[in-house]
Amino acid sequence: KLMVDHKGVLWMATMSGGVLSYNGDAFTSYTIDDGLMSNSCDSLIETSNNDIWIGTSNGLNRMVEGKISRISLPWKNQPRRIISMAEDRTGTIWLGTNGEGVFRVSYHNKELEIQRVTCITPKSIISILCDRRGNLWFASMESGVFRLSGRNVQVFDKRNGLMGNYAHTLYEDNRGNVFIGTSG
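Described in the following lines is the structure provided in the data block. Because the structure is predicted, anything quoted here is derived from the model rather than measured.

Moving on to the pattern of salt bridges. Evaluation of the coordinates by the stated rule reveals 4 salt bridges. Arg 116 is paired through a salt bridge with Glu 100; the nearest N and O atoms lie 3.0 Å apart. In this pair, Arg 116 is assigned in strand 12 (residues 111-117) and Glu 100 in the loop between strand 10 (93-97) and strand 11 (102-108), connecting sequence segments 16 residues apart. According to the relative accessible area criterion, Arg 116 is partly exposed, its value standing at 26%. The shortest N-O distance in the salt bridge between Arg 159 and Asp 157 comes to 2.5 Å. Its relative accessible area of 6% is what places Asp 157 among the buried residues.

Printed below as a string of structure tokens:
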């Protein structure tokens, strides 16, 4: 996973080397020695308040002004892999896991509130997109794509036009069209 932050720094999530950042002159490495939950990192986002969130194979980290903290999640089972993340218009962060479904992370009175999202039923969410209308799209490894619009959930799968139920990529073009990449 690659990402460019608001300062133009390139961030790279790696499979075994933690997270790397490149500012145009030098690389900086962040690993378990710096506080990451794991050196196997799957997802990165920069939120609207310029925090960097890092999804690893063993949970979630947040970096604020260069300092890494660990975020505790209410896990039921293993694995604890955070494989996708997105921030919506309200600043809520949505987490897609490999085996635990979807979580929503929001701030209340400067405290993080973490909730499991039960209306999105697949357990493995590989990609999340917040579109320009505020809808949230969740690509699953087993059940197609789920679109959350307010409190309404719509499912897109093989039964209604997807080529396969393993959806791995979501993309919104400059006209607001959402494209879904599937294996099938």
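Turning our attention to the packing of aromatic side chains. Per the counting criterion, the structure on display carries 4 aromatic pairs. Measuring from ring centre to ring centre gives 5.7 Å for Trp 11 and Tyr 30, while their planes differ by 20°; the resulting arrangement is stacked. Of this pair, Trp 11 sits in strand 2 (residues 10-13) while Tyr 30 sits in strand 4 (residues 27-30), and the two are 19 residues apart along the sequence. The same class applies to Trp 11 as to Tyr 30, namely buried.

The rules behind each value
Residue numbers restart at each chain and count upward from 1, following the sequence in its written direction. Side-chain atom pairs in this predicted model are given and counted only at pLDDT of 80 or more, local residue features only at pLDDT of at least 70, and totals for whole chains, interfaces and linings cover all residues. Derived side-chain values reflect all non-hydrogen atoms in the structure, with water molecules and hydrogen atoms excluded from consideration. Here, a salt bridge means any side-chain nitrogen of Lys or Arg that lies within 4 Å of a carboxyl oxygen of Asp or Glu. The secondary structure listing takes helices from DSSP runs of H or I that are at least 4 residues long and strands from runs of E that are at least 2 residues long, numbered from the N terminus. Here's how the labels work: a residue is buried when its accessible area is under 20% of the maximum for its type, exposed when over 50%, partly exposed in between, all with a 1.4 Å probe on protein chains only. Stacked, tilted and edge-to-face are the three classes applied to pairs of Phe, Tyr and Trp rings, where Trp contributes its six-membered ring and a pair requires centres within 6.5 Å; stacked means planes under 30 degrees apart, edge-to-face means over 60, and tilted covers the rest.

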